[in-house]
Amino acid sequence: MRSEKVIEVGNLTKKFGDFTAVKGISFEVFKGEIFGFLGANGAGKTTAMKMLIGISKPTSGEATVAGFDVKSNSEMVKKSIGYMSQRFSMYDDLTIKENITFFGGIYGLNRKQIRQKTESVIEELQLQDVADKLVGSLPLGWKQKLAFSVSLLHEPKIVFLDEPTGGVDPITRRQFWELIYAEAHKGTTIFVTTHYMDEAEYCDRVSIMVDGVIEALDTPKKLKEQFKTDSMEGVFLKLARGPLTPALPAGRPKGGIKD
Amino acid sequence: MKRFIGFVKKEFYHIFRDKRSMFILFGMPIAQIMLFGFAITNEINNVDLAILDKSKDAETEKIINSISASKHFKIEAVVGNDDQIEDIFKKGNVKAVLVFEKDFAQNLQTHKKGKVQVVTDATDPNTANTITNYIQSILQHYQQEINISNVAPHQIQVKSRLYYNPELKSVFTFVPGVMTVILMLVSAMMTSISITREKELGTMEILLVSPIKPFQVITGKVFPYIFLSIINAIMILLLGYFVFEMPIEGSLILLALETVLFIVTSLALGILISTISATQQTAMMISLMGLMLPVILLSGFIFPISSMPLALQYISNIIPAKWFIIILKGIMLKGVGISFLWKETLILIGMMVFFLALSIKKYKIRLE
């Protein structure tokens, strides 16, 4: 299972003028893995992810996603990945069915595939009663689950989740992670950023970015051993307070560490 | 292509499910045309007039009769002496007083000269001016009638003829103006708001990550507005034609092409606005302040450009609406063809190309 590399990053760098947001990071992600991508505010996490999903051009370095180079072949990269952003990313004034049809359409699914996918998504999430209701009327937790399913409509090899569970209660988050596990089990690679440290524990491997550099990358268990602490929270704090970086930026009202 | 259709369909859902958009699209044009056509008008009708007749003879009676016979005036009061003129103005209804001198008929007979004074309430200078002109023309008409019997030896008669709008209907200037404003509103403001809405909601990011190309996103978003703008233009022209008898003397095809040209120019402006604003509110403010105000004030829609200060006249040249209004009036009222409008058309094409290129460039930078 660990044999096939679906993301390979080598010395990836992004500069904005004089400021280097991402300083030559390198890592690999394997097929079917749940890869946690962590970092504090301004650590370069979002910038790195934007380069991987093809909406930001690297200044230097290499990155292949699903076997395609992000610099020269970003169109193929886009076809092979799914993406769900931290902001809920569907149309409130369209019904659940219309949203699925629209997103299926822009990913090039044909009518029959769209119909099948609509049925299976609605059944899987048990949304039969509200399928023709506007998405705006759904609770946030449902919307996020739906958005996750929609990002998987075209059966991508890798799905990028940018803080997918922001602002929902722990039970809903737990349910959301069950969906993620189920999908990873099918062989889909999950690349997830989060600022909830308990969620970092759910990942197969976790990378922690500090100041544009990946400071640590391993399984949650090994990271905890390495930093001699019993939680990912502890690992994160030790890294962030390390000699390389100033103190963590002030926490946001929501709590946790956010990028 | 299938993606494009799906995209356009989604865009129509947004529009038809939003009451505000629907009002701007369909309520606004009708309301504006009706307002400008019926309520806001430069013509005067049924103006209250008072008479101070110090002569009270057959001649003055004839004049008074011909004035009250016109639809422009209603004789509201008769004043006894000069002092009462101000009192009657202060009451507010009466806008003008017509004063005949003592022994008017007699003077007319013996000295060939009768004196009439028109006193107007100039708190509204435009109306006062118009009233004076109207009364003068009625008096001139009367003078010509009595001169037929005893012709004066030398006379210069001015006979004015008003081409293209003989009845001076103000609606003839308002229909092209309102059409321009509405097309600008729908094409520029609505598109800029609808694009920034996707940015604000975060759906734009999702679209950019998807295989659909940025160019397709933008065309998908503006296409419905091209369609709706054309419907709006047709609606306004039909209203103008059937309700206000606004003629379309020139070629309908040319009118249609010029309209599409203006719509695309406005859309390019809308896209440009959406690239520089992060929120719907900003987009709306920029559209209103940066586009609607100049269109209404500086395009020649309401205030004639030739009577503006020189600096403003220069500024008016960079407003696409100015050229479109000239084109519209040319085609609709004068019935002229492209041979007379090529300059204005070229200017509009130039602006369209400029704004399109600029918005594409800006849009690309944003993606980096």
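Conventions used here
Residues numbered from 1 in each chain as written. Chains lettered and ligands numbered in written order. Predicted model: local features only at pLDDT ≥ 70, side-chain atom pairs only at ≥ 80, totals over all residues. Helix = DSSP H or I, 4+ residues; strand = E, 2+ residues; numbered from the N terminus. Axes fitted to C-alpha atoms, helices over the stretch in contact; angles between N-to-C directions. Parallel < 35°, antiparallel > 145°, perpendicular 65-115°, else oblique. Left-handed = near helix turned anticlockwise from the far one by under 90°. Contact = placed C-beta atoms within 7 Å. Nonpolar A, V, L, I, M, F, W, Y, C, P; charged D, E, K, R; others polar. Pairing = 2+ DSSP bridges. Domains from an automatic or database assignment. Core = buried A, V, L, I, M, F, W, Y, C linked by C-beta atoms within 7 Å. Buried ≥ 20, exposed ≤ 12 C-beta atoms within 10 Å, placed from the backbone.

A word on the overall build of chain B
- In terms of regular secondary structure, chain B is built from 14 helices and 4 strands.
- Principal-axis analysis of the C-alpha atoms places the extent of chain B at approximately 95 × 45 × 40 Å.

Overview of the packing of helix α7 (residues 171-201) of chain B against helix α9 (residues 214-244) of chain B
All names here are of chain B.
- Following both chains from N to C, one finds α7 and α9 inclined at 165°, their axes separated by 10 Å at the closest point. Here α7 lies roughly antiparallel to α9, going by the angle between them. Between α7 and α9 lies a crossing whose hand is right-handed. On α9, the residues that touch V171, V175, V178, M179, I182, L183, V186, S187, M190, T191, S194 and I195 of α7 are K221, V222, Y225, L228, S229, N232, A233, I236, G240 and F244.
- Class assignment for the residues of the contact of α7 with α9 results in 15 nonpolar, 6 polar and 1 charged.

Brief notes about the interface of chain B and chain A
- Contacts between the two partners involve 20 residues from chain B and, on the opposite side, 19 residues from chain A.
- Only α1 (2-16) and α8 (203-209) of chain B provide two or more residues apiece to the side of chain B that touches chain A.
- With 7 residues, the single largest contributor to the side of chain B that touches chain A is α1 of chain B.
- Residues belonging to the side of chain B that touches chain A are distributed by class as follows: 8 nonpolar, 5 polar and 7 charged.

Things to note about the sheet that holds strand β4 (residues 60-65) of chain A
Residues and elements named next belong to chain A.
- Taken in spatial order, the 4 strands make up an open sheet running β2-β1-β4-β5, and their pairing is antiparallel. At either end of the open sheet lies a strand with only one pairing partner, and these are β2 (19-30) and β5 (68-69).
- Two elements, strand β1 (residues 5-16) and β2, share 8 bridges in a ladder whose sense is antiparallel. Pairing of K14 across the sheet is with V22, part of β2.
- Of the strands in this sheet, β1, β2 and β4 are in contact with helix α1 (residues 45-52), which crosses β1 at around 120°.

So, the domain arrangement of chain B
- The domain boundaries assigned to chain B delineate domain 1 (2-40 + 169-367) and domain 2 (47-149).
- The C-alpha centroid of domain 2 of chain B is placed 48 Å from the C-alpha centroid of domain 1 of chain B.

Some points on the nonpolar core
- Counting 74 residues, the largest nonpolar core has L52, F160 and F191 of chain A as the members making the most contacts within it.
- Once you skip the residues sitting within four places of it in the chain, L52 of chain A turns out to touch I7, A63, V65 and V70 of chain A.
- In this structure, M184, L237, L341 and M351 of chain B belong to the second largest nonpolar core, which totals 60 residues.

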